[in-house]
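# Overview (structure and organization)
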Amino acid sequence: MVATSSVGGLWSEAWWADFLTSPAVAGFAALVAAAISLVVSARRIRMDRELAAQHHTEARRAADRLRAQALADSRAERWWGMYQWTLTRLDAVEPDRAARLLRTLESQAPGPAERALVWAANDLLTVTTDGGDDDA
């Protein structure tokens, strides 16, 4: 038979003294530590996922910018090739066709510098079809 002490009851000083020196305190502390660790881990996992999603979004935007820049560079290179091809054939093509070629190049020019090159070629075409330079 187990002897029960009728002195003091639950939550009394004697109960606390027995409880605080028993292995139950260590178990309770381990349970609290595990709960705190679970909450901290869950928050850290959520933050890591958000950070990974943010990095993924930034990487996708950077790749999109690089792809757009590569496309623009490719278009500029193609335009430059067409411009050089047109310049080498300006004197062999009828003036009306050459003017249409230059208008097409101007409409497809990637920037203002390229449009200025087309205008210069157009001026060259105009001088050539008008009879050349009188100073020469």
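See above for the structure.
Notes on the structure in this doc start here. What you see as residue numbers is a count from 1 along each chain, following the sequence as written. Local features in a predicted model are, by the rule used here, given only for residues with pLDDT of at least 70; side-chain atom pairs are given and counted only at 80 or more, and totals for whole chains, interfaces and linings are based on all residues. Side-chain calculation: all heavy atoms of the structure are included, whereas hydrogens and water are not.

## Things to note about the overall build of the chain
We apply this condition: Under the DSSP-based scheme used, a helix requires at least four consecutive residues in state H or I and a strand at least two consecutive residues in state E, with every element numbered from the N terminus. Throughout this description, buried means an accessible area under 20% of the type-specific maximum (1.4 Å probe, protein chains only), exposed means over 50%, and partly exposed covers the range between. Pairs of residues are marked as contacts when any of their non-hydrogen atoms sit within 4.5 Å. To measure how exposed things are, a 1.4 Å probe is used in the Shrake-Rupley method; for residues, cover is taken only from the protein chains shown.
Secondary structure assignment for the chain yields 4 helices and 0 strands. Secondary structure elements of the chain occur, N-terminal to C-terminal, as α-α-α-α. Sorting the 136 residues of the chain into buried and exposed places 10% on the buried side. Long-range pairs, those at least 24 residues apart, make up 49% of the contacts in the chain with a sequence separation of at least 6. Counting only carbon and sulfur atoms, one obtains 60% of the accessible surface of the chain, whose full area is about 11100 Å².

## Structural notes on the packing of aromatic side chains
Definition in use: What counts as a ring pair is set by centres within 6.5 Å for rings of Phe, Tyr and Trp (its six-membered ring), and what kind of pair is set by the plane angle: stacked under 30 degrees, edge-to-face over 60, tilted for all other angles.
One pass over the structure, following the stated rule, counts 7 aromatic pairs. An aromatic cluster is built from W11, W15, W16 and F19, whose rings are joined through pairwise contacts.

## Thoughts on the nonpolar core
This is how the line gets drawn: We call a set of buried Ala, Val, Leu, Ile, Met, Phe, Trp, Tyr and Cys residues a nonpolar core when their side-chain atoms join them within 4.5 Å.
W79, Y83, L90, A98, A99, L102, L105, A109, V118, A121 and L125 form the largest nonpolar core, which has 11 residues in total. Among the elements of the structure, α2 (23–89), α3 (95–108) and α4 (112–129) are those that each provide at least two residues to this core. A total of 4 residues in this core trace back to one element, the largest contributor, which is α3. Beyond its immediate stretch of four places on either side in the chain, L105 contacts W79, M82, Y83, T86 and V118.

## Thoughts on the packing of α2 against α3
To keep it simple, the criterion reads: The axes are straight lines fitted to the C-alpha atoms, using for helices just the contacting stretch, and the angles between their N-to-C directions are given from 0 to 180°. Any angle that is under 35 degrees is reported as roughly parallel, and any over 145 degrees as roughly antiparallel; angles of 65 to 115 degrees are reported as roughly perpendicular and all others as oblique. The hand of a helix crossing depends on one turn: near helix anticlockwise from the far one by less than a right angle means left-handed, and clockwise means right-handed. Residues are sorted three ways: Asp, Glu, Lys and Arg are charged, Ala, Val, Leu, Ile, Met, Phe, Trp, Tyr, Cys and Pro are nonpolar, and all the rest, Gly among them, are polar.
Where α2 contacts α3, the axes come no closer than 11 Å and their chain directions differ by 160 degrees. With respect to α3, the axis of α2 lies roughly antiparallel. Read as a crossing pair, α2 and α3 show a hand that is left-handed. Within the contact between the two elements, α2 uses W79, M82, Y83, W85 and T86 and α3 uses L101, L102, L105 and Q108. Considering only residue class, the contact of α2 with α3 consists of 7 nonpolar, 2 polar and no charged.

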